[in-house]
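Remarks on the overall topology
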Amino acid sequence: MRVLELLDRLIAFPTVSSESNLDLIDWTQAHLEACGFAVTRVPSPCGEKAGLIANRGGAGGVVLSGHTDVVPAEGQPWGRDPFRLTREGARLFGRGTTDMKGFVACALALAEQPAEAQGPVSIVLSWDEEVGCRGIPHMIPHLEAALGPQALCMVGEPTSLVMATGHKGKAAYRAVSHGESGHSAMAPQFRNALHGACDLVANIRAEQARLMQEGAQDAGYDVPCSTLHVGKLQGGTALNIVPDRATIDWEIRHLAAETPDEIVPRVMSGLEHVELEQVFAYPGLDTDPDLPALAKLRSLSRGLCKVSYGTEAGVFVPAGIPTVVCGPGDMAQGHQPDEFIELDQLTGCMEMLEALVAPG
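Residues numbered from 1 in each chain as written. Predicted model: local features only at pLDDT ≥ 70, side-chain atom pairs only at ≥ 80, totals over all residues. Heavy atoms only, no water.

1. Overview of the sheet that holds strand S11 (residues 227–235)
A sheet is described by the order of its strands in space; here four strands give the open sequence S11-S13-S9-S14, paired in antiparallel fashion. What marks the edges here is a single partner per strand, and that holds for S11 and strand S14 (274–282). Strand-to-strand twist across the sheet, computed as the mean angle between neighbouring axes with direction ignored, equals 15 degrees. Pairing of strand S9 (residues 169–178) with S14, which is carried by eight bridges, proceeds in the antiparallel orientation. Of the residues in S14, the one forming a bridge with valine 176 is glutamate 275. (Pairing = 2+ DSSP bridges. Helix = DSSP H or I, 4+ residues; strand = E, 2+ residues; numbered from the N terminus. Axes fitted to C-alpha atoms, helices over the stretch in contact; angles between N-to-C directions.)

2. Quick word on the side chain of serine 17
Secondary-structure assignment places serine 17 in the loop between helix H1 (2–12) and helix H2 (22–34). Among the polar contacts made by the side chain of serine 17, one reaches the side chain of aspartate 69 at a distance of 2.7 Å. Setting aside its immediate chain neighbours within four residues, serine 17 contacts Lys49, Asp69, Val70, Asp128, Glu130 and Val131. (Polar contact = N/O pair within 3.5 Å; in protein donor to acceptor, adjacent residues only side chain to side chain. Contact = heavy atoms within 4.5 Å.)

3. Describing the state of the cysteines
Applying the stated criterion across every chain, the model contains zero disulfides. Residue cysteine 133 stays outside any disulfide, its sulfur separated by 13 Å from that of cysteine 153, the closest cysteine. There is no disulfide at cysteine 225, and the cysteine sulfur nearest it, in cysteine 305, is 19 Å away. (Disulfide = S-S within 2.5 Å.)

4. A short note on the nonpolar core
When a protein is soluble and globular, its nonpolar side chains tend to lie buried together. Membership of the largest hydrophobic core comes to 50 residues, with the highest contact counts inside it found for Leu32, Phe37, Leu64, Met154, Leu297, Leu346 and Leu353. Going through the elements one at a time, H1, H2, strand S2 (50–56), strand S3 (62–67), helix H3 (97–111), strand S6 (121–126), strand S7 (152–155) and helix H9 (343–357) are the ones with two or more residues in this core. Counting residues per element, this core draws most heavily on H3, which supplies ten residues. Excluding residues within four positions of it along the chain, leucine 346 makes contact with Val3, Leu4, Leu7, Leu92, Gly102, Cys106, Pro328 and Ile341. Counting residues in hydrophobic clusters, the runner-up holds 24 residues, among them Trp127, Ala164, Ala172 and Tyr282. (Core = buried A, V, L, I, M, F, W, Y, C linked by side-chain atoms within 4.5 Å. Buried < 20%, exposed > 50% of the residue type's maximum accessible area, 1.4 Å probe, protein only.)

5. With respect to the side chain of aspartate 338
Within the fold, aspartate 338 resides in the loop between strand S17 (323–325) and strand S18 (340–342). Here aspartate 338 falls in the buried class, since its relative accessible area comes to 18%. Within the structure, the side chain of aspartate 338 is placed 3.0 Å from the backbone nitrogen of glycine 79, a separation counted as a polar contact. Here the side chain of aspartate 338 touches arginine 80 through a polar contact of 3.1 Å, side chain to side chain.

6. Topic: the pairing of S3
Among the six residues in S3, six count as buried, and that is most of the element. What you see with S3 is no split at all: Val62, Leu64 and Gly66 on one side and Val63, Ser65 and His67 on the other are buried throughout. Here S3 runs beside S6; their pairing, made up of six bridges, is parallel. Bridge pairing in S6 places leucine 64 opposite isoleucine 123. Bridge count between S3 and S7: four bridges; the pairing is parallel. Note that in S7 the partner of leucine 64 across the bridge is methionine 154.

7. Remarks on the pattern of salt bridges
This model, assessed by the stated rule, comprises 18 salt bridges. Between arginine 80 and glutamate 88 there is a salt bridge, with its nearest N and O atoms 2.8 Å apart. Given the relative accessible area of 40%, glutamate 88 is considered partly exposed. Ionic pairing is found between arginine 80 and aspartate 338, a salt bridge with its closest N-O pair at 3.1 Å. A residue pair is termed long-range when its members are at least 10 positions apart, and arginine 80 in the loop between S3 and strand S4 (86–88) and aspartate 338 in the loop between S17 and S18 qualify at 258 residues. (Salt bridge = Lys/Arg side-chain N within 4 Å of Asp/Glu carboxyl O.)

8. Let's talk about the packing of H1 against H2
Any two packed helices are characterised by how steeply their axes cross, that is the angle between the axes, and by the distance between the axes. Closest axis-to-axis distance for the H1/H2 pair is 11 Å, and the angle between their directions is 150 degrees. In terms of orientation, H1 and H2 fall into the roughly antiparallel class. Across the interface between the two elements, Arg2, Leu6, Arg9 and Leu10 of H1 pack against Leu24, Trp27, Thr28 and His31 of H2. Of the residues assigned to the contact of H1 with H2, the class counts are four nonpolar, two polar and two charged. (Parallel < 35°, antiparallel > 145°, perpendicular 65-115°, else oblique. Nonpolar A, V, L, I, M, F, W, Y, C, P; charged D, E, K, R; others polar.)

9. A closer look at the packing of aromatic side chains
Where two aromatic rings form a pair, the distance of their centres and the angle of their planes describe that pair. By the definition in use, this model includes three aromatic pairs. Each ring, one from phenylalanine 13 and one from tryptophan 27, has its centre 6.1 Å from the other, and the planes form 45 degrees; the classification is tilted. Taken together, the positions of phenylalanine 13 in the loop between H1 and H2 and tryptophan 27 in helix H2 put the pair 14 residues apart, joining distant regions of the chain. Accessibility expressed as a relative area gives 8% for phenylalanine 13, which makes it buried. For tryptophan 27, a relative accessible area of 23% puts it in the partly exposed group. (Phe/Tyr/Trp six-rings, centres within 6.5 Å; stacked < 30°, edge-to-face > 60°.)

Quick look at the structure:
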């Protein structure tokens with residue numbers, strides 16, 4: 001399969017989010033231009049990464065969207081070279097096979113097929129999805145000029161080729177609680193930064209309880225309401241010193257029916273000495289599966305679902321493109337040591353894409 005040759009090439013680029021993806025982007029841009037695509041390159045603000053917006057055939061077609069970065073393999077107990085495609089029976093091993101270079105390889109293989117046998121096709125490749133969907137917002141302002149209006153967008157995150165119409169949005173925060181340093185023997189005379197941090201945690205827990213009882217609900221998710229989570233709390237230098245600073249890293253994963261703008265003021269209520277910084281955010285997705293634009297893809301997919309993880313899909317919706325998540329592989333294998341994808345998933349994905357872009 002040509003897909004396997006392309007996947008082998010993609011896996012060989014070690015595009016961990018902390019590293020540059022420019023070698024992969026250079027190679028992919030040349031590949032797409034050779035296939036007759038008009039390619040717009042969007043550099044990252046730092047200049048060390050880039051994304052691509054490629055179109056062949058003009059407006060009114062299918063957008064295939066994926067990210068080029070992968071999570072680290074370092075520190076994981078791999079039994080194979082993570083950056084070399086290894087086939088063992090029906091399984092293909094390598095970092096990114098599932099998340100999500102398998103889909104990208106299918107899109108690039110589709111691009112090689114004759115343009116006259118397809119309707120309009122666009123391919124969008126981003127950077128830094130794995131660290132909070134940080135690349136795609138820089139690309140959205142270029143979409144209209146590069147693509148024009150399009151019929152639908154398929155974000156190829158691994159769903160086992162089931163069409164996912166929804167996922168929660170996410171906003172990540174770092175809070176800093178400010179106190180006053182002093183000797184612990186005189187503790188009541190000083191403001192303890194950890195106390196302020198604990199007050200924030202208490203507010204987060206109270207808001208979570210409120211959302212479970214009174215917030216929006218969606219039975220399509222394992223946890224049907226918006227969720228809040230504290231991941232890190234750090235502060236203090238010694239037991240006998242009142243801490244003057246504490247940091248709290250926390251997040252909101254929200255249903256599309258709710259926004260962080262509604263939740264954050266309640267969480268921060270009464271916290272006079274705590275400042276808040278939003279680290280990153282991406283929107284949720286809640287697409288009507290009965291939209292006419294999705295009828296063909298829905299008929300080709302292996303069912304309907306909503307997914308628990310976040311994607312870049314929600315970013316395309318304000319651009320007026322009906323968007324869903326649908327791709328080969330199972331996220332249970334993503335991010336894992338010895339990550340793999342089943343060969344039949346790639347075969348099924350190619351069959352789906354070929355049928356999806358066929359005229360008529």
